[in-house]
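# Summary of the model geometry
Residues per chain are reported as follows:
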2 protein chains.
Amino acid sequence: MSRETPAIGRPRAFDEAVVLDRATEVFWRHGYEGASLNVLTAAMGINRPSLYAAFGSKEELFRRAFARYHETKVADARAALDQPTAYAAIEVFLRSSANGLTTGDHPRGCLSIQGGLACSPENTHVAEVLAAGRAATEQALEERLHRAAAEGDLPDGVDARALARFVMTLSEGHAVHAAAGASCEELQASVDIALRAVGRPG
Amino acid sequence: MSRETPAIGRPRAFDEAVVLDRATEVFWRHGYEGASLNVLTAAMGINRPSLYAAFGSKEELFRRAFARYHETKVADARAALDQPTAYAAIEVFLRSSANGLTTGDHPRGCLSIQGGLACSPENTHVAEVLAAGRAATEQALEERLHRAAAEGDLPDGVDARALARFVMTLSEGHAVHAAAGASCEELQASVDIALRAVGRPG
DNA sequence: AGGCAACTCTACCGCTCGGTACACATCGTG
DNA sequence: CACGATGTGTACCGAGCGGTAGAGTTGCCT
């Protein structure tokens with residue numbers, strides 16, 4: 001498995017985390033199926049056998065890349081849920097994700113969306129992995145809003161599940177817009193409007 | 001060419017509109033790159049040379065399919081812009097698109113999104129065609145809202161462009177959610193929330 | 001009837017895909 | 001220093017890709 005240093009044999013000439021980040025960027029830009037092994041290995045700076053020895057297969061590489069993406073980029077947005085109020089949590093979630101979708105040293109948009117919504121028949125489980133990642137984020141949002149409801153932090157009659165879905169949906173739409181070239185300011189203006197639907201901070 | 005009946009030579013054994021609709025469904029389900037010629041021709045019920053004689057190339061077939069999609073499915077949602085008020089236009093637009101994304105005799109989601117957000121380097125213009133289609137719809141929404149502003153049908157200070165982008169963004173997010181299995185009712189609940197941001201009818 | 005134009009069908013093209021065999025290089029250990 | 005274990009590099013595999021050649025088929029026109 002070669003996760004911990006083996007202490008015997010020829011040592012690896014690359015840093016696994018570094019090449020994984022480079023692979024992530026290729027998947028992010030071209031999607032799972034659009035990322036060929038030639039492009040991947042060129043960006044990672046290693047050869048195919050090294051890639052296969054370290055990651056097993058293209059799909060396994062993608063899963064690792066997506067997991068790492070989730071632990072870093074998506075976690076930034078999820079940190080918004082630590083805000084003290086539901087309103088603040090939603091606002092920070094939408095603003096920080098809008099920011100992450102359009103700025104920074106990486107492709108525009110979101111790997112969870114760019115990775116591949118539609119796939120050829122033999123790769124449908126890749127799309128499912130991505131959908132599961134998005135659903136997990138929505139679930140976290142929903143739990144945060146349920147807690148807010150229990151704390152009296154949401155107006156009576158607000159459906160936490162529907163509100164979480166609304167927020168997540170908007171964020172996904174922003175990802176689509178960002179990939180098509182929308183600016184951060186444009187997305188933030190959209191967030192301004194969405195927040196009017198959420199209600200005043202309480 | 002063969003768009004009008006040529007009156008000479010062997011007549012075509014298939015209806016161009018029918019096979020184009022079948023191709024549309026394959027692209028819709030698998031995306032541009034995920035739709036192989038084998039799957040396409042099998043679904044269309046014709047052989048490759050017939051496909052190439054009638055449509056020229058896979059990309060040209062896709063453009064035709066997308067154009068037809070726009071003239072039919074997207075046009076249904078666009079018809080919402082004929083509503084007498086801006087609020088009604090937005091509501092009907094969102095509700096009818098949510099409906100179209102989840103019901104009917106076709107794949108879930110939207111071809112403009114499923115077709116391919118991310119592509120391999122040689123197919124980037126396919127993604128651009130799809131983005132241009134979405135931008136055209138957003139543009140139509142914006143123009144409708146500008147008209148509403150001129151008619152005093154929108155509260156003062158409302159940014160028609162931002163509002164159009166918000167509505168379109170939500171609809172794109174709904175397309176992502178629909179492809180992942182969300183029900184029509186779930187999307188409609190999200191529309192309920194969004195409409196709170198738009199303001200009262202009037 | 002005969003000729004020609006358009007369409008259909010089988011079988012193939014070159015290319016790229018994801019994945020791998022095998023020889024060689026580089027390490028720790030006896 | 002030889003050995004075994006592991007990583008690297010080249011060159012390759014079968015399969016599937018988008019696209020097409022060329023022979024055979026079916027119609028209208030004179």
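Report follows, based on the coordinates.

A few words now on helix H3 (residues 48–55) of chain B. Residues and elements named next belong to chain B. Those residues of H3 that fall on the buried side of the exposure criterion are Leu-51, Ala-54 and Phe-55. End-on view of H3: buried residues confined to an arc of 75 degrees, all on one side of the axis. Exposed residues pointing more than 90 degrees away from the buried face of H3 are listed as Pro-49 and Ala-53. Residues of H3 that are buried make contact with helix H1 (16–34), helix H2 (37–44) and helix H4 (58–78). Just past H3, the residue Gly-56 takes up positive phi, approximately 95 degrees.

On to the protein's contact with DNA strand D. Taken together, 23 residues surround DNA strand D, and among them Asn-47 of chain A together with Leu-37, Arg-48, Tyr-52 and Lys-58 of chain B come closest. When atoms of DNA strand D within 4 Å of the protein are split into backbone and base, the sugar-phosphate part holds 64%. In this structure, a phosphate oxygen belonging to DNA strand D sits 2.8 Å away from a main-chain N or O atom of Ala-13 of chain A. Of all the secondary structure elements, the ones that give two or more residues to the surface near DNA strand D are helix H3 (48–55) of chain A together with H2 and H3 of chain B. At three residues, H3 of chain B tops the list of elements feeding residues into the surface near DNA strand D. Split into classes, the residues belonging to the surface near DNA strand D amount to eleven nonpolar, seven polar and five charged.

Now for the interface of chain B and chain A. Facing 37 residues of chain B, the contacting portion of chain A comprises 37 residues. Summed over both sides, the interface between chain B and chain A buries roughly 3100 Å², with carbon and sulfur atoms accounting for 65% of that surface. Viewed at the interface, chain A and chain B are joined by four salt bridges. Between Glu-186 of chain B and Arg-161 of chain A there is a salt bridge whose closest N-O contact spans 3.6 Å. Taken together, chain B and chain A are joined by ten residue pairs in polar contact (both at pLDDT 80 or more). Going through the elements one at a time, H1, helix H6 (111–114), helix H7 (124–150), helix H8 (160–179) and helix H9 (184–198) of chain B are the ones with two or more residues in the side of chain B that touches chain A.

It is worth spelling out the protein's contact with DNA strand C at this point. Around DNA strand C lies a shell of 23 residues, among which Leu-37, Arg-48, Tyr-52 and Lys-58 of chain A together with Asn-47 of chain B are the nearest. Within 4 Å of the protein, the contacting atoms of DNA strand C are drawn from sugar and phosphate to the extent of 66%. Within the side chain of Asn-38 of chain A, one N or O atom sits 3.2 Å away from a phosphate oxygen of DNA strand C. Arg-12 of chain B has a polar side-chain atom sitting 3.3 Å from a phosphate oxygen of DNA strand C. Of all the secondary structure elements, the ones that give two or more residues to the surface near DNA strand C are helix H2 (37–44) and H3 of chain A together with H3 of chain B. The element best represented in the surface near DNA strand C is H3 of chain A, accounting for three residues. Classifying every residue of the surface near DNA strand C gives eleven nonpolar, seven polar and five charged.

As a further point, take the environment of Asn-38 of chain A. Residue and element names in this part refer to chain A. Within the secondary structure, Asn-38 sits in helix H2. Take Asn-38: its relative accessible area is 52%, and that puts it in the exposed class. Here the side chain of Asn-38 touches Arg-48 through a polar contact of 3.2 Å, side chain to side chain.

Right, let's talk about the pattern of salt bridges for a bit. Considering all chains together, one arrives at 24 salt bridges over all chains under this definition. Between Glu-172 of chain A and Arg-134 of chain A there is a salt bridge, and its shortest N-O distance comes to 3.7 Å. In this pair, Glu-172 of chain A sits in helix H8 (residues 160–179) while Arg-134 of chain A sits in helix H7 (residues 124–150), placing the two residues 38 residues apart along the sequence. Arg-134 of chain A shares its class with Glu-172 of chain A; the two are buried. Glu-16 of chain B is paired through a salt bridge with Arg-64 of chain B; the nearest N and O atoms lie 2.6 Å apart. Here the residue Glu-16 of chain B occupies a position in helix H1, and Arg-64 of chain B occupies one in helix H4, the gap between them amounting to 48 residues. Among the residues examined, Glu-16 of chain B registers a relative accessible area of 14% and is labelled buried. A network of salt bridges, in which partner residues are shared, links Glu-142, Arg-161 and Arg-165 of chain A together with Glu-186 of chain B.

Analysis parameters
Residues numbered from 1 in each chain as written. Chains lettered and ligands numbered in written order. Predicted model: local features only at pLDDT ≥ 70, side-chain atom pairs only at ≥ 80, totals over all residues. Heavy atoms only, no water. Buried < 20%, exposed > 50% of the residue type's maximum accessible area, 1.4 Å probe, protein only. Helix = DSSP H or I, 4+ residues; strand = E, 2+ residues; numbered from the N terminus. Arc of directions from axis to C-beta. Contact = heavy atoms within 4.5 Å. Near = heavy atom within 4 Å. Polar contact = N/O pair within 3.5 Å; in protein donor to acceptor, adjacent residues only side chain to side chain. Nonpolar A, V, L, I, M, F, W, Y, C, P; charged D, E, K, R; others polar. Buried area = accessible area lost by both parts, 1.4 Å probe. Salt bridge = Lys/Arg side-chain N within 4 Å of Asp/Glu carboxyl O.

Treat this as a map of the structure, not an account of what it does.
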